[in-house]
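Structure assessment
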Amino acid sequence: MGAIRVDGLRKSYGAVEAVAGMNFTVERGELYGFLGPNGAGKTTTIRTLTGQIHPDAGTVRVLETDPATEPLETRQKVGILPEQGSPPSFLTPREYLEFVGEVRDLSADRVADQTAAWAERLGFESKLETLHTDLSRGQQQKVMITQAFIHEPDVVFIDEPLANLDPLVQEQVKRFLVSYAAGDNAVFVSTHNIDVAEEICSRVGIVADGQLVTERSLEGDRDDSLLDLFLERVDGAAQRDVPNLGLTDRTET
Amino acid sequence: MSGTGISTTRLLAVLFREEWRLHTQLFGGWRFALFPVVIAVLAVSATVALLETGTAQGTIVGGLHALAVGFGLYSGTAGFAGSDMLENVFGRLSLLLSSSTTLPLSRRRLLGVFLLKDALFYGVAFVLPMALASAALTGLSAATPVVVGLFWLSLCLVFAAGMATTVALIAVRTRGVPPWAIGLVIGLTVVGTWATGSLGVVQSVLVPVRGSAIAAGGLAVGTVVIATVSLTAYDPTYGRPSRTATDRFARLSGALPFENAPLVTKSLLDLARSSGGVWKPFVSASILLALVAALVGVVDSITGIAPAPGIFFGGVLGLSAFTTYNWLTQFDSLEAYLAYPVSIADVFRAKRIAFIFVGAPTVAVPYLAAVVWFEATLLDAVVGAILLAGYALYYYGLTVYIAGFDPNEFLFDAVRFATFTVGVAVALVPTLVAGFVVVPPSIELAAAFSVGGVVMGVIGVVLSSRAGPRWERRYRRE
């Protein structure tokens with residue numbers, strides 16, 4: 001049984017079909033990259049998998065829970081790093097993480113230990129008493145990464161993990177994600193950054209127009225680049241609103 | 001660079017389009033387009049009702065101008081837009097105004113055009129429908145268009161004066177003047193005006209349609225001068241240094257005996273640490289008290305009729321539930337909570353607890369001031385207190401049920417606004433009428449209002465309890 005199992009998932013917003021029959025499975029130990037152009041349905045899929053919105057059709061299981069009918073149970077078990085970050089908050093990072101710890105029923109000692117460890121790992125120890133709203137976007141992203149992992153979940157959903165982070169921290173986060181998945185956890189990463197996906201993911205799914213158009217294992221030696229595969233699969237459909245610059249270059253070569 | 005690549009007219013047009021899109025996207029075109037109609041209906045019907053109940057024309061004219069000034073003061077807060085100050089007070093917004101950070105456009109110029117756009121937009125969408133009340137005051141005739149036009153200009157003038165005043169205060173703030181000093185000056189000005197007996201002069205200036213042309217001209221010139229000086233003084237580079245805070249979350253959350261204590265604590269700390277802090281709801285309630293007290297004074301001086309202060313102010317001050325809840329939701333979005341294992345119903349329950357914590361002292365102090373100042377009888381004061389608690393809960397429940405987490409959007413959605421208005425009127429109108437008619441209240445009336453207050457409070461609790469599941473369904477189904 002996969003950590004994440006999606007079968008025939010559909011979700012529409014009015015006349016717009018954001019997810020049009022999605023099927024895939026993610027196993028424990030995998031760092032799964034979810035790639036696709038803007039508007040492909042990535043965020044809608046994550047929101048459905050985490051019980052934030054109700055699907056129109058299909059079945060979804062995350063760690064044996066059904067996010068559609070048991071959203072709180074699902075969210076209790078997983079970690080979520082949303083794309084939007086957090087709204088302006090007047091809590092300090094330390095207080096915010098205490099808040100997250102309380103709603104996740106973590107002990108105060110555990111939260112304090114995790115806060116200290118993550119602050120050191122990502123380098124925001126000096127900002128622990130600064131109001132969240134006054135932090136830079138990069139610092140806010142570090143705090144949000146911390147909240148996603150503070151309860152050491154078996155499955156983590158991450159939307160653009162490296163947004164606004166400096167190169168040094170990016171390297172640390174990438175290494176951490178790889179090691180975290182290797183610890184028998186599933187890490188589901190939605191990103192536009194193909195280079196990052198190619199570097200850290202064990203498997204990727206490419207999504208376009210609300211459907212998974214291909215999956216590819218990134219383990220072992222490969223002949224083609226992920227970028228080529230992405231451009232071929234995403235730009236392959238007619239009338240799709242994506243830039244064709246990459247294809248032009250590829251044709252010329 | 002001052003940004004000479006786009007004309008001011010074109011910039012104004014783009015900002016108008018953004019304003020229109022903002023509202024029509026939020027509510028749908030017809031619901032927003034209907035809003036001025038709702039305002040007009042309310043203004044005209046309220047005027048007719050007040051005339052029918054013997055209210056003097058001067059009182060109604062003064063009341064409409066007081067509303068226009070108040071709305072102008074509120075609209076002037078657009079001066080915060082696009083700055084860190086705005087986020088500190090109102091939460092995050094994304095407007096074209098912020099483009100001065102990425103484009104070669106002077107922020108001062110952009111802000112000036114933005115405020116001009118707001119003045120014109122609200123002048124037409126809100127103030128013009130209000131001005132139609134003058135037709136009800138004078139009766140329909142061939143001169144009605146001229147009467148309405150003059151009344152509109154008069155309202156626009158005081159609306160603009162209110163806006164300019166708020167922008168001036170914001171400009172002063174960007175120069176580093178602390179909020180307490182600004183508050184002190186405002187307080188001293190109000191007290192000084194009252195102590196020197198200058199209220200009459202202020203009243204005549206702020207009701208141009210009834211004053212002299214010189215006073216109206218002076219107000220117009222003064223408004224333009226204040227607006228110009230404010231924009232010149234406005235420091236677009238103002239930014240406060242990073243703020244730090246000691247850890248209060250764990251202790252406060254641990255002290256609250258509620259299941260949703262962390263959610264309540266977050267709401268309370270967000271409010272307390274944002275600009276203006278916990279004083280914001282109190283100031284809002286005090287402004288409401290001042291406006292109503294002034295109107296009561298005017299009515300008393302003209303007609304010799306004074307209401308039962310407990311019942312009257314208890315009913316009216318409960319309306320501050322709307323502003324208090326508004327402040328409590330400025331720094332949140334429901335979507336943000338969906339990353340945690342908490343239900344939307346939990347979030348709403350936590351907001352209700354936070355509302356009671358903040359709202360109770362917020363209305364208690366102005367209410368006590370009103371019953372002492374207007375010398376309420378003990379029975380009247382007790383009944384008023386019951387009404388205040390019950391109606392505040394009712395208005396709160398009504399707001400949460402209709403508007404969810406976005407009470408501010410009432411201001412632009414005709415359907416929601418009309419529903420809310422009817423809901424408020426059902427409770428408030430009979431209360432105000434009885435408050436004026438039976439002075440001091442009889443035992444029977446007091447008992448009836450006490451029961452009524454409790455019933456409305458229960459309805460409010462039921463409404464706010466149902467708001468969570470209602471909005472959870474909406475958010476998850478989208």
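Definitions and limits used
Residues numbered from 1 in each chain as written. Chains lettered and ligands numbered in written order. Predicted model: local features only at pLDDT ≥ 70, side-chain atom pairs only at ≥ 80, totals over all residues. Heavy atoms only, no water. Helix = DSSP H or I, 4+ residues; strand = E, 2+ residues; numbered from the N terminus. Rg over C-alpha atoms; globule rule 2.2 N^0.38 Å. Buried < 20%, exposed > 50% of the residue type's maximum accessible area, 1.4 Å probe, protein only. Contact = heavy atoms within 4.5 Å. Areas by Shrake-Rupley, 256 points an atom, 1.4 Å probe, with all protein chains shown as cover. Lys, Arg positive; Asp, Glu negative; His and termini not counted. Charge placed at Lys NZ, Arg CZ, Asp CG, Glu CD. Axes fitted to C-alpha atoms, helices over the stretch in contact; angles between N-to-C directions. Parallel < 35°, antiparallel > 145°, perpendicular 65-115°, else oblique. Nonpolar A, V, L, I, M, F, W, Y, C, P; charged D, E, K, R; others polar. Buried area = accessible area lost by both parts, 1.4 Å probe. Polar contact = N/O pair within 3.5 Å; in protein donor to acceptor, adjacent residues only side chain to side chain. Pairing = 2+ DSSP bridges. Phe/Tyr/Trp six-rings, centres within 6.5 Å; stacked < 30°, edge-to-face > 60°. Lys NZ or Arg CZ within 6 Å of the ring centre and 35° of its normal. Left-handed = near helix turned anticlockwise from the far one by under 90°.

Side note on the overall build of chain A
Scanning chain A for helices and strands turns up 9 helices and 9 strands. Rg of the C-alpha trace for chain A: 19 Å, near the compact-globule value of 18 Å for 253 residues, within the 12% margin. With the C-alpha coordinates of chain A rotated into their principal frame, the extents come out at 55 × 40 × 35 Å. Counting over 253 residues, chain A shows a buried share of 56%. In chain A, of all internal contacts separated by at least 6 residues, the share reaching a separation of at least 24 is 66%. On chain A, roughly 10600 Å² of surface is accessible, and the fraction owed to carbon and sulfur atoms is 45%. The positive charge centre, built from 24 side chains, and the negative charge centre, built from 42, are 2 Å apart in chain A.

A look at the overall build of chain B
Per the secondary structure count, chain B includes 21 helices and 0 strands. Here chain B holds 478 residues, and the buried ones make up 49% of them. Considering only contacts within chain B whose residues lie at least 6 apart along the sequence, 82% involve residues at least 24 apart. Element-wise, carbon and sulfur atoms account for 72% of the exposed surface of chain B, whose accessible area totals about 21500 Å².

A short note on the packing of helix H20 (residues 414-437) of chain B against helix H21 (residues 443-477) of chain B
Residues and elements named next belong to chain B. Packing of H20 against H21 brings their axes to within 11 Å, and their N-to-C directions diverge by 170°. As the angle between them shows, H20 and H21 are arranged roughly antiparallel. Contacts from Arg 416, Ala 427, Pro 430, Thr 431 and Ala 434 of H20 reach H21 at Leu 445, Phe 449, Met 456, Trp 471 and Arg 474. Counted by class, the contact of H20 with H21 contains 7 nonpolar, 1 polar and 2 charged residues.

Quick notes on the interface of chain A and chain B
Tallying the contact residues gives 39 residues for chain A and 36 residues for chain B. Taken over both partners, the interface formed by chain A and chain B buries close to 3400 Å², and the fraction arising from carbon and sulfur atoms is 54%. Connecting chain A to chain B are 15 residue pairs in polar contact (both at pLDDT 80 or more). Mapped by element, the contributors of at least two residues to the side of chain A that touches chain B are strand E1 (4-13), helix H2 (71-77), helix H3 (93-103) and helix H5 (137-149) of chain A. Here the side of chain A that touches chain B gets 8 residues from one element, more than from any other, and that element is H3 of chain A. Residues belonging to the side of chain A that touches chain B are distributed by class as follows: 17 nonpolar, 12 polar and 10 charged.

Here we look at the pairing of strand E9 (residues 211-217) of chain A
All names here are of chain A. Both strand E8 (residues 203-208) and E9 contribute to a ladder of 6 bridges, which runs antiparallel. Note that in E9 the partner of Gly 205 across the bridge is Glu 215. Adjacent in sequence and paired antiparallel, E8 and E9 are bridged by 2 residues, among which Asp 209 carries a positive phi angle near 50°.

Considerations on unusual backbone geometry
Residue and element names in this part refer to chain A. For Glu 64, which is not a glycine, the phi torsion comes out positive at approximately 70°. Its location among the elements puts Glu 64 in the loop between strand E4 (57-62) and H2. Of note, the phi angle at Asp 184 is positive, near 65°, even though the residue is not glycine. Relative to the helices and strands, Asp 184 is located in the loop between helix H6 (167-182) and strand E7 (186-191).

Quick look at the packing of aromatic side chains
Going through the model one piece at a time under the given rule, you end up with 34 aromatic pairs over all chains. Summarising the aromatic geometry, the rings of Phe 176 of chain A and Tyr 180 of chain A are spaced 5.4 Å apart at their centres and angled 35° between planes, so their arrangement reads as tilted. Separated by 4 residues within a single helix, Phe 176 of chain A and Tyr 180 of chain A lie in helix H6, roughly one turn from each other. Grouping residues by exposure puts Phe 176 of chain A and Tyr 180 of chain A together as buried. Plain terms: the ring middles of Phe 348 of chain B and Phe 405 of chain B are 5.5 Å apart, the flat faces sit at 85° to each other, and that makes the pair edge-to-face. With Phe 348 of chain B in helix H18 (residues 344-373) and Phe 405 of chain B in the loop between helix H19 (378-403) and H20, this residue pair connects regions lying 57 residues apart in the sequence. Each of the two residues, Phe 348 of chain B as well as Phe 405 of chain B, counts as buried. Among the aromatic residues, those joined into a ring-pair cluster are Phe 16, Phe 35, Phe 71, Phe 121, Tyr 122, Phe 126, Phe 159 and Phe 417 of chain B. In this structure, Arg 121 of chain A packs its charged tip against the face of Trp 118 of chain A, placed 4.4 Å from the ring centre.

Some details on the sheet that holds E1 of chain A
Hydrogen bonds between backbone groups are what pair the strands of a sheet, and the pairing can be parallel or antiparallel. All names here are of chain A. Judged by pairing direction, the sheet is antiparallel, and its 3 strands sit side by side in the order E2-E1-E4 without closing on themselves. The open sheet has two free edges, formed respectively by strand E2 (16-26) and E4, since each of these has just one partner strand. Adjacent strand axes in the sheet meet at a mean angle of 25°, parallel and antiparallel pairs treated alike. Where E1 lies against E2, 8 bridges are found, and the strand directions are antiparallel. Residue pairing across strands places Ile 4 opposite Val 26, the latter belonging to E2. Contacts from helix H1 (residues 42-49) reach E1, E2 and E4, with the element oriented near 120° to E1.

Quick look at the packing of helix H4 (residues 108-122) of chain A against H5 of chain A
Residue and element names in this part refer to chain A. Two elements in contact, H4 and H5, have axes whose closest approach is 10 Å; the angle formed by their N-to-C orientations is 140°. If you check the angle between H4 and H5, you find them oblique. In the packing of H4 onto H5, the handedness of the crossing is right-handed. Contacts from Gln 114, Trp 118 and Leu 122 in H4 reach Lys 142, Ile 145, Thr 146 and Phe 149 in H5. For the contact of H4 with H5, the residue count by class is 4 nonpolar, 2 polar and 1 charged.

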